[in-house]
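Examination of the molecular architecture
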Amino acid sequence: MSITTDVIQKDQQFSVPVAGRPEFVLARGEGATVFDEDGKAYTDWVAGIAVNSLGYGDKELMDVVAKQMRTGLIHVSGLYHTKALADLAELLCEVSFADKAYFCNSGAEANEGALKFARKLAYVNDHKNKTKVVSFSKAFHGRTLGALSVTPTEKYQTPFKPMVPGAVVGEFDSIDSAREVIDEDTVAVIVEPIQGEGGINLASAEFLQALRQLCDERGAALIFDEIQCGLGRTGELWAHSFSGVTPDIMTLAKPLAGGLPIGAILVTDEVASAMQPGDHGSTFSGGAVVMRAGEMVVKRVLSAGFLEHVKEVGDYLLERLEEINSPHIVDVRGRGLMAAIELNVPPADIVAQGYEHGLLLVNSGPSAIRFIPPLIIEKRHVDELIDKLTTILEGIDGDG
Ligand SMILES: Cc1ncc(COP(=O)(O)O)c(C=O)c1O
């Protein structure tokens, strides 16, 4: 039996079936390319869902992780200091609006914590009326119960109801709607500056500015979820930077530790001052190996030319996607290396054909394919993508 057949059989027998995986088995990666057990190459436009921003096999990342491993300290728990944690917290505060950082293990966990932090701030200020959390249509904030409660997709929520009470949904990028839903009882407003799972939808600067103003007027904490769009993906360090607005809380995860599991909650001093020892925690919070990986990734993203590269290749990607002349593409949108094509045919068909052509692709919402590759991807990969996508789209019957 081949390794591929064996792995797929085992997976079907022993894994909880929450993911529909394609019929190949990934074995290794190099740069922006992964290879399956049969040696077939796939150019990666997914990056482990916007995680592997340095691509595969980055030597410096592997060395940093190995070096920390060799100290013997992989994990010490939040009970003790490590230099690795202090260094990453300091670095993230230096390069963002934040005064303090808290580390956890995933995006959903970061958002759970952010919601708790906001509630605690209201609690210490004796605002007992503040029980509402505002999120927006098509948002995705994670699949744990608190994060799911502010992820207003019926399909994700229905089997797991009841949700955490107090969730209120406004229309994404509508200032009028935000004005209606954010009131004196609102404890927090959570928003992705660019929605990732919901279709690569860009919040306007005016919308983010209006949220800031409404939160200030009505005493709510503003949470930016930059788990997918943050840390260089847009060609700026933060996806919200263009708006000139800063949040009270920002959550990070996916790319921060180069593929190792991490989440971070960045906050102002005001938010941090509401938290006391024992209010929040997690056994694996701030593990030394993960912290060292995070420090290295942030420094790389800030190194000379890195963000310029993202911007240049991102602009080229959008330009070339717009050039595809297909009746099946109804919209092209994005910023930096976070782009999407909206289709009038099922994205799953294109994703499946992508595999045949040696491309890893992923949908975004029900009708779009998104492009969230390693940030080191190059223009030649864009050219390959456009050639292959054009061929795939030409092979699709009908005019949509
Ligand atoms: C914007 C956003 N927030 C939160 C999450 C949840 O992150 P995780 O899957 O690490 O729990 C995701 C994951 O896709 C996301 O894109």
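Keep in mind the model is a prediction, meaning the values are calculated, not measured.

1. Remarks on the sheet that holds strand β14 (residues 339-343)
The strand order β13-β14-β17-β16 describes an open sheet built from four strands, whose pairing is antiparallel. Two strands in the sheet have a free side with no partner beyond their single neighbour: β13 (329-334) and β16 (362-364). Within this sheet the neighbouring strands show an average axis-to-axis angle of 30°, counted without direction. Against the sheet, helix α13 (residues 347-356) makes contact with β14, β16 and β17 (368-371), and its axis sits at roughly 45° relative to β17, the strand it touches most.

2. Focus on the environment of Asn52
Take Asn52: it is sitting in the loop between α2 (47-50) and α3 (59-70). Residue Asn52 is classed as buried on the basis of its relative accessible area of 14%. The spacing of Asn52 and Gly259 is 207 residues in sequence and 5.6 Å in space, taken between C-alpha atoms. With near-sequence residues (within four places) excluded, Asn52 lies in contact with Ala47, Gly258, Gly259 and Pro374. Side chain to side chain, Asn52 and Tyr56 meet in a polar contact 3.1 Å long.

3. Section: the side chain of Arg320
Take Arg320: it is sitting in helix α12 (residues 306-323). Exposure remark for Arg320: the relative accessible area of 18% places this residue in the buried category. If near-sequence neighbours (up to four positions away) are discounted, Arg320 is found in contact with Val382, Asp383 and Ile386.

4. Some thoughts on the site of the ligand
Within the structure, the ligand sits among 13 residues, and Gly107, Ala108, Asp225, Gln228 and Lys254 are positioned closest to it. A distance of 2.8 Å separates an oxygen atom of the ligand from a polar atom in the backbone of Ala108. Side-chain polar atom of Asp225 to a nitrogen atom of the ligand: 2.7 Å apart, as the coordinates give it. Taking 390 Å² as the accessible area of the ligand by itself, protein coverage stands at 82%. Ranked by residues supplied to the shell around the ligand, first place goes to helix α5 (residues 107-124) with three residues. In the shell around the ligand, the residues fall into three nonpolar, six polar and four charged.

5. Thoughts on the domain arrangement of the protein chain
For the protein chain, the assigned domains are domain 1 (3-57 + 307-394) and domain 2 (73-302). Computed over C-alpha atoms only, the centres of domain 1 and domain 2 are separated by 27 Å. Contact with domain 1, which involves 23 residues of that partner, is made by 29 residues of domain 2. Between domain 1 and domain 2, the buried area comes to about 2,200 Å², and carbon and sulfur atoms account for 59% of it. Three residues stand out in domain 1 for area buried against domain 2, namely Leu307, Arg335 and Met338, and they jointly supply 36% of the buried area on that side. Our count for the domain 1 to domain 2 interface comes out at one salt bridge. Put simply, the parts of the chain that give the side of domain 1 that touches domain 2 at least two residues each are α2, α12, β13 and β14. Ranked by the residues each element gives to the side of domain 1 that touches domain 2, the list is headed by α12, at three residues.

Basis of the calculations
- Residues numbered from 1 in each chain as written.
- Predicted model: local features only at pLDDT ≥ 70, side-chain atom pairs only at ≥ 80, totals over all residues.
- Heavy atoms only, no water.
- Pairing = 2+ DSSP bridges.
- Helix = DSSP H or I, 4+ residues; strand = E, 2+ residues; numbered from the N terminus.
- Axes fitted to C-alpha atoms, helices over the stretch in contact; angles between N-to-C directions.
- Contact = heavy atoms within 4.5 Å.
- Buried < 20%, exposed > 50% of the residue type's maximum accessible area, 1.4 Å probe, protein only.
- Polar contact = N/O pair within 3.5 Å; in protein donor to acceptor, adjacent residues only side chain to side chain.
- Near = heavy atom within 4 Å.
- Areas by Shrake-Rupley, 256 points an atom, 1.4 Å probe, with all protein chains shown as cover.
- Nonpolar A, V, L, I, M, F, W, Y, C, P; charged D, E, K, R; others polar.
- Domains from an automatic or database assignment.
- Buried area = accessible area lost by both parts, 1.4 Å probe.
- Salt bridge = Lys/Arg side-chain N within 4 Å of Asp/Glu carboxyl O.

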